[in-house]
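Structural features, examined
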Amino acid sequence: MSDAKALVDALFAGDSLPEEKLAFLLGMSDPDSVDYLHSKANELKHRLIGNKVYLRGLVEFSNVCSCDCLYCGIRKSNDSVHRYTMSVDEVLAGASQALDADFGSVVLQSGERSDENFVDLVEKMILAIKNKYPDCGITISCGEESLDVYRRWHDAGAERYLLRIETTNQKLFQDIHDAKSLYSKRLQALHDLQEAGFITGSGVMIALPGQTLSDLARDLIFFRDMDLDMIGMGPFIPHPATPLGASFKDDDSSRRQRVILSLNMIALARLLLRDVNIASTTALQTLDPSRGIVSGILAGANVIMPNVGEKTLRKDYLLYAGKPVSDIDAKQAKAKLTELLAAAGEEIAVGTPGHPAHYLRRIRQ
Ligand code: 5AD
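What comes next is a walk through the structure. Position numbers for residues start from 1 in each chain and track the written sequence from start to end. Selection of residues for local features in this predicted model requires a pLDDT of at least 70, selection of side-chain atom pairs for listing and counting requires 80 or more, and totals for whole chains, interfaces and linings are taken over all residues. Excluding hydrogens and water, the side-chain figures rest on all heavy atoms present in the structure.

1. Points about the overall build of the protein
Comment: elements are numbered from the N terminus, with helices defined as DSSP H or I runs of at least four residues and strands as E runs of at least two. In terms of regular secondary structure, the protein is built from 15 helices and 11 strands. Relative to the compact-globule value of 21 Å for 365 residues, the protein shows a C-alpha radius of gyration of 19 Å, a close match. On the principal axes, the C-alpha backbone points of the protein span a range of 55 × 45 × 40 Å. The cut-offs for exposure are 20% and 50% of the maximum accessible area for each residue type, with area from a 1.4 Å probe on protein chains only; residues under the lower value are buried, those over the upper are exposed, and the others partly exposed. Taking all 365 residues of the protein together, 59% fall into the buried category. Of the contacts formed within the protein by residues at least 6 apart in sequence, a portion of 75% connects residues at least 24 apart. Accessible surface area values rest on a Shrake-Rupley calculation with a 1.4 Å probe, where residue burial reflects the displayed protein chains alone. Of the accessible surface of the protein, which amounts to about 14700 Å², a share of 52% is contributed by carbon and sulfur atoms. Radius of gyration here is computed from C-alpha atoms only, and the compact-globule reference equals 2.2 Å multiplied by the residue count raised to the power 0.38. Only heavy atoms matter for contacts: two residues are in contact if any of them lie within 4.5 Å across the pair.

As structure tokens, then:
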């Protein structure tokens, strides 16, 4: 424990650590060391950005996807998925619900498509939301697009974009994606997002088959070197209708380990990246339904993304097995989270777009 404590204290003070030490901290599972890591990360969050948790209303507006990622339930070749794409009005209805409940911002997420109809549709969604709520924050999460498309969506009024690198181990990246998905293209897309002026977020899946603690340590170093503003990460969860999910052994002990590793990843991202926004994700909640979301916040995350899309379609956006299909609206989600977070000493931020402090600091410099 004393070794671990000294390393955590060094990170807390702003020192950097080599990959092996980060990997060592990631692999900790004894309760005292883990508690210390998480509580120091949360203390640093309070010190740098306060105890306010940002809510984003998540609208999963289409599950049509041109990719065939080996882990993802809405991959192109999964024929059992009922495919849908919401209209601009349907997206505006979901966004309005969140923004009328004072969330301050929304995330529009979908499968990946790059045809002109799709690009145009997303642009119209952004314009419609900004027209009604000029001060809200909009995050897009629609995968890899060209620099031109990123510029169009940014010009339409979206400020933030989430595009996960999924893993920085290039061999593993190739193993879990179809042949047309290239690591080099993913990396270029992240640079293009930054070039287009987006507040850019990325992240990885945690505990993928074949992924090592050193891989995850390198992921953290990558986030820092890319100067990202936002991080979204969660445990890998098998989906039975996917090549990676079909053979994965998902027992209680594996689930517990994946939860701890995910929380360690969040805490280390906080200690290393300091004032970025970090999400406590649905995948974490899936593996630990009663405490997952709040545990993420207590390990240093500061963003939660409740689903505010059309209720009847939520069941069709199943990226992995057991993804909770909530049937509550934005107001109810906010009331529930307010209560859960209050018990943990955290509060919900109201009516702010919730841009990351890391970004605000950079533009002021
Ligand atoms: N387990 C965990 N996360 C997944 N995602 C997709 N499929 C899975 C899965 N089986 C994540 C990916 C993607 C994000 C939208 O959802 O990281 O970027």
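The rest of the description comes next.
2. Remarks on the site of the ligand
In the region of the ligand, the neighbouring residues are Y71, C72, Q109, R164, E166, M205, P235, F236, I237, L319 and Y320. Between N or O atoms, a polar contact is any pair within 3.5 Å; within protein, one atom must be a potential hydrogen donor and the other a potential acceptor, and residues adjacent in sequence are included only when both atoms are from side chains. Within the side chain of E166, one N or O atom sits 2.6 Å away from an oxygen atom of the ligand. A distance of 2.7 Å is found between a nitrogen atom of the ligand and a backbone nitrogen or oxygen belonging to I237. Relative to its unbound accessible area of 400 Å², the ligand is 87% covered by the protein chains. Both site types are read off a 1 Å grid over the protein atoms alone. A 1.4 Å probe that fits but cannot get out defines a cavity, while an open set with protein on both sides within 12 Å along at least five of seven lines defines a pocket; lining residues have an atom within 4 Å of a point. Should more than half of a molecule's atoms lie within 2 Å of a pocket's or cavity's grid points, that molecule is taken to sit in it. The cavity where the ligand resides is the largest cavity. Working definition: residue near molecule or strand if any one of its non-hydrogen atoms lies within 4 Å of it.

3. Points about the nonpolar core
Buried together is how nonpolar side chains tend to be arranged in soluble globular proteins. To qualify as a nonpolar core, a set must consist of buried Ala, Val, Leu, Ile, Met, Phe, Trp, Tyr and Cys residues joined through side-chain atoms within 4.5 Å. One finds F61, I129, I140, W153 and F223 to be the most contacted residues of the largest nonpolar core, which totals 116 residues. Counting residues per element, this core draws most heavily on helix α11 (residues 252-273), which supplies 11 residues. Those residues in contact with I140 that sit more than four places away from it in its chain are L108, V122, I126, W153, A158, R160, Y161 and L162. The next biggest cluster of nonpolar side chains, apart from the first, holds 6 residues, and it includes L58, V107, I199 and M230.

4. Description of empty space enclosed by the protein
Grid points are joined across faces, edges and corners, and a volume is the space filled by probe spheres set on the points. Enumeration over the complete set of coordinates arrives at 3 cavities of 30 Å³ or more. Looking at the largest cavity, its volume works out to about 860 Å³. Along the walls of the largest cavity sit 40 residues, with Q109, S141, R164, E166 and L319 positioned nearest its centre. Those elements that provide at least two residues to the lining of the largest cavity are β2 (57-62), β3 (105-110), β6 (199-202), β8 (230-235) and α12 (282-287). In terms of residues, the lining of the largest cavity owes the most to one element, β8, which gives 3 residues. Partitioned by chemical class, the residues of the lining of the largest cavity number 19 nonpolar, 13 polar and 8 charged. By volume, the second largest cavity is sized at about 100 Å³. R56, L162, M230, V303 and M305 are the residues nearest the centre of the second largest cavity, which is lined by 13 residues in total. For this classification, Asp, Glu, Lys and Arg are treated as charged, while Ala, Val, Leu, Ile, Met, Phe, Trp, Tyr, Cys and Pro are nonpolar and the rest, including Gly, are polar. Residues of the lining of the second largest cavity, tallied by class, amount to 8 nonpolar, 3 polar and 2 charged.

Take it as geometry only, folks, not as evidence of what the structure does.
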